[in-house]
Amino acid sequence: MIVGLAACECIIYDAHSLKDKRAVLQRILTRLKQKYNVSAAEVDYHDVWQRTKIAIVAVSSAKVSTERELQNALGLIDSFPEIERTITDIEWL
């Protein structure tokens, strides 16, 4: 069994309040969980308006399929124009 963890820091330029930030995050996290076999959550910068850190975890029997799920999930984040992914770290457990 392979566990993959992708942690990515992101900037939400148009967020002018925590409410704006959470609206964007909620849309992204909901779509990630619906479309891919992953768990996702905001794990840092909870009280900062324009910055967030999202953790995405995928588990499968092969590293190739785990990596594919994580890359697809990261691609989905990149498809949202209101958020920019900056630093991304991937760990294998």
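Above: the structure in question.
Residues numbered from 1 in each chain as written. Predicted model: local features only at pLDDT ≥ 70, side-chain atom pairs only at ≥ 80, totals over all residues. Heavy atoms only, no water.

Chemist: How would you explain the overall build of the protein chain if you had to name every residue and give the values?
Modeler: Scanning the protein chain from N- to C-terminus turns up 2 helices and 4 strands. Secondary structure elements in the protein chain, listed N-terminal to C-terminal, are β-α-β-β-α-β. Relative to a compact globule of 93 residues, whose C-alpha radius of gyration would be 12 Å, the protein chain shows 13 Å and is just as compact. Along the first, second and third principal axes, the C-alpha set of the protein chain runs to 40 × 20 × 15 Å. Among the 93 residues that make up the protein chain, the fraction classed as buried is 38%. Within the protein chain, residue pairs in contact and separated by at least 24 positions form 70% of the contacts whose partners lie at least 6 positions apart. When the accessible surface of the protein chain is totalled, it reaches about 5400 Å², and 52% of it is carbon and sulfur. Positive and negative side-chain charges of the protein chain, numbering 12 and 13 respectively, have mean locations separated by a distance of 5 Å. (Helix = DSSP H or I, 4+ residues; strand = E, 2+ residues; numbered from the N terminus. Rg over C-alpha atoms; globule rule 2.2 N^0.38 Å. Buried < 20%, exposed > 50% of the residue type's maximum accessible area, 1.4 Å probe, protein only. Contact = heavy atoms within 4.5 Å. Areas by Shrake-Rupley, 256 points an atom, 1.4 Å probe, with all protein chains shown as cover. Lys, Arg positive; Asp, Glu negative; His and termini not counted. Charge placed at Lys NZ, Arg CZ, Asp CG, Glu CD.)

Chemist: Please set out helix H1 (residues 18-35) residue by residue, giving values where relevant.
Modeler: Compared with an ideal rise of 1.5 Å per residue, which puts 18 residues at 26 Å, H1 spans 26 Å between its outermost C-alpha atoms and is within 8% of the ideal. All buried positions along H1 are accounted for by Lys-21, Val-24, Leu-25, Ile-28, Leu-29 and Leu-32. An end-on view of H1 places all buried positions within 125° of arc, on one side of the element. Those residues of H1 that are exposed and aimed more than 90 degrees away from the buried face are Lys-19, Gln-26 and Gln-34. Buried residues belonging to H1 abut strand S2 (39-44), strand S3 (51-60) and helix H2 (63-78). (Expected span 1.5 Å × (residues − 1). Arc of directions from axis to C-beta.)

Chemist: Please set out the pattern of salt bridges residue by residue, giving values where relevant.
Modeler: Counted under the stated rule, the structure contains 4 salt bridges. Taking the shortest distance from any N to any O, the salt bridge between Arg-51 and Glu-9 comes out at 2.9 Å. Taken together, the residues Arg-51 in strand S3 and Glu-9 in strand S1 (residues 2-11) connect sequence positions 42 residues apart. (Salt bridge = Lys/Arg side-chain N within 4 Å of Asp/Glu carboxyl O.)

Chemist: Describe the side chain of Thr-66, with residues and values.
Modeler: Structurally, Thr-66 is set in helix H2. Taking relative accessible area as the criterion, Thr-66 reaches 0% and is therefore assigned buried. Polar contacts involving the side chain of Thr-66 include one to the side chain of Ser-60, which spans 2.5 Å. With sequence-adjacent residues up to four places away left out, Thr-66 is seen in contact with Ile-2, Val-3, Gly-4, Ala-58, Val-59, Ser-60 and Trp-92. (Polar contact = N/O pair within 3.5 Å; in protein donor to acceptor, adjacent residues only side chain to side chain.)

Chemist: Residues and numbers for H2, please.
Modeler: The terminal C-alpha atoms of H2, which comprises 16 residues, lie 22 Å apart, in line with the 22 Å expected from a rise of 1.5 Å per residue. The secondary structure elements touched by the buried residues of H2 are S1, H1, S3 and strand S4 (84-92).

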